[in-house]
Amino acid sequence: MTPLERFLARLGIAPFDHGNQLHADLFDALKDADRETHMERLIITRGVLARAHSAAATNVGTARAKYETTLRDTTKAEIEDGRSVAAASVIAAAKAQEHRNRMHEAEAAWRGVKEHLRTVDKDIDKTRSDAVDARQMRTAETYGGGA
């Protein structure tokens, strides 16, 4: 496992798959960051994940709109053809099932990216906190402190 793969695995992005668009984007962004600090790599990762999160949210919105439009239009057309509202609803739900499945897949992808984003944010907060603690310890050692 390469250092980059270990870094991403620590953030919950494993196993690394170059065929996955998000993984490929992360690899491209981080391939030259091996000399960067841990915090810099986290910030780069967060930027890539934020863009992926935005794109995933757009995909969810598009899929939801297609599903709702198909459902509404099919129901209306079936009622106009003389079917009962109940029958029209059942037929429309069956015709819109493919769009509903895509919507659920898009939502699952969005939730996955959102979870990765939360993990990176927690790691950034922890890294900042550790840096502050280390700075305070050095200050105390240098200038004396404590009781």
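This text gives an overview of the structure that appears in the document. (Residues numbered from 1 in each chain as written. Predicted model: local features only at pLDDT ≥ 70, side-chain atom pairs only at ≥ 80, totals over all residues. Heavy atoms only, no water.)

Attention now goes to the side chain of aspartate 123. Among the secondary structure elements, aspartate 123 is positioned in helix H5 (residues 97–143). The exposure class assigned to aspartate 123 is buried, which follows from its relative accessible area of 10%. Apart from residues no more than four positions distant in its own chain, aspartate 123 is found in contact with Arg10, Leu11, His38 and Leu42. (Helix = DSSP H or I, 4+ residues; strand = E, 2+ residues; numbered from the N terminus. Buried < 20%, exposed > 50% of the residue type's maximum accessible area, 1.4 Å probe, protein only. Contact = heavy atoms within 4.5 Å.)

The next thing to look at is the environment of proline 3. Topologically, proline 3 is positioned in helix H1 (residues 3–10). A sequence separation of 81 residues divides proline 3 from serine 84, and the C-alpha atoms of the two residues are 62 Å apart.

Bringing the side chain of histidine 23 into the picture now. Note that histidine 23 resides in helix H2 (residues 21–30). Among all residues touching histidine 23, those that are not within four sequence positions of it are Ile13, Pro15, Phe16 and Asp17.

This part takes up the environment of isoleucine 44. Within the secondary structure, isoleucine 44 sits in helix H3 (residues 38–80). Among the residues examined, isoleucine 44 registers a relative accessible area of 28% and is labelled partly exposed. Beyond its immediate chain neighbours, meaning those up to four positions away, isoleucine 44 contacts Ala29, Leu30 and Ala33.

Turning to the packing of H3 against H5, a few remarks are in order. At a closest axis distance of 8 Å, the pairing of H3 and H5 adopts a crossing angle of 160°. It follows that H3 is roughly antiparallel to H5 by the angle criterion. Here the hand of the crossing between H3 and H5 comes out left-handed. Residue composition of the contact of H3 with H5, by class: 17 nonpolar, eight polar and ten charged. (Axes fitted to C-alpha atoms, helices over the stretch in contact; angles between N-to-C directions. Parallel < 35°, antiparallel > 145°, perpendicular 65-115°, else oblique. Left-handed = near helix turned anticlockwise from the far one by under 90°. Nonpolar A, V, L, I, M, F, W, Y, C, P; charged D, E, K, R; others polar.)

For the coordinates displayed, the defined rule picks out nine salt bridges. In this structure, the salt-bridge partner of glutamate 98 is arginine 102, at a minimum N-O distance of 2.4 Å. Of this pair, glutamate 98 and arginine 102 are both found in helix H5, four residues apart, which corresponds to roughly one turn of the helix. Residue glutamate 98 is classed as partly exposed on the basis of its relative accessible area of 47%. Here arginine 102 falls in the partly exposed class, since its relative accessible area comes to 42%. One network of salt bridges, with partners in common, ties together Glu78, Arg83 and Lys95. (Salt bridge = Lys/Arg side-chain N within 4 Å of Asp/Glu carboxyl O.)

Another point: a negative patch on the surface. On the surface, a cluster of negative charge is contributed by Asp32, Asp34, Glu36 and Glu40. Its location among the elements puts aspartate 34 in the loop between H2 and H3. The class of aspartate 34 is exposed, set by a relative accessible area of 59%. (Patch = residues over 30% accessible without salt bridge, like charges linked within 9 Å, V, L, I, M, F, W, Y side chains within 5 Å. Areas by Shrake-Rupley, 256 points an atom, 1.4 Å probe, with all protein chains shown as cover. Lys, Arg positive; Asp, Glu negative; His and termini not counted. Charge placed at Lys NZ, Arg CZ, Asp CG, Glu CD.)

Looking now at H5. For H5, built from 47 residues, the straight-helix expectation of 69 Å at 1.5 Å per residue is met to within 8% by its first-to-last C-alpha distance of 69 Å. Of the residues making up H5, those classed as buried are Met103, Ala106, Glu107, Val113, His116, Leu117, Val120, Asp123, Ile124 and Thr127. Of the surrounding elements, those touching the buried residues of H5 are H1, H2 and H3. (Expected span 1.5 Å × (residues − 1).)

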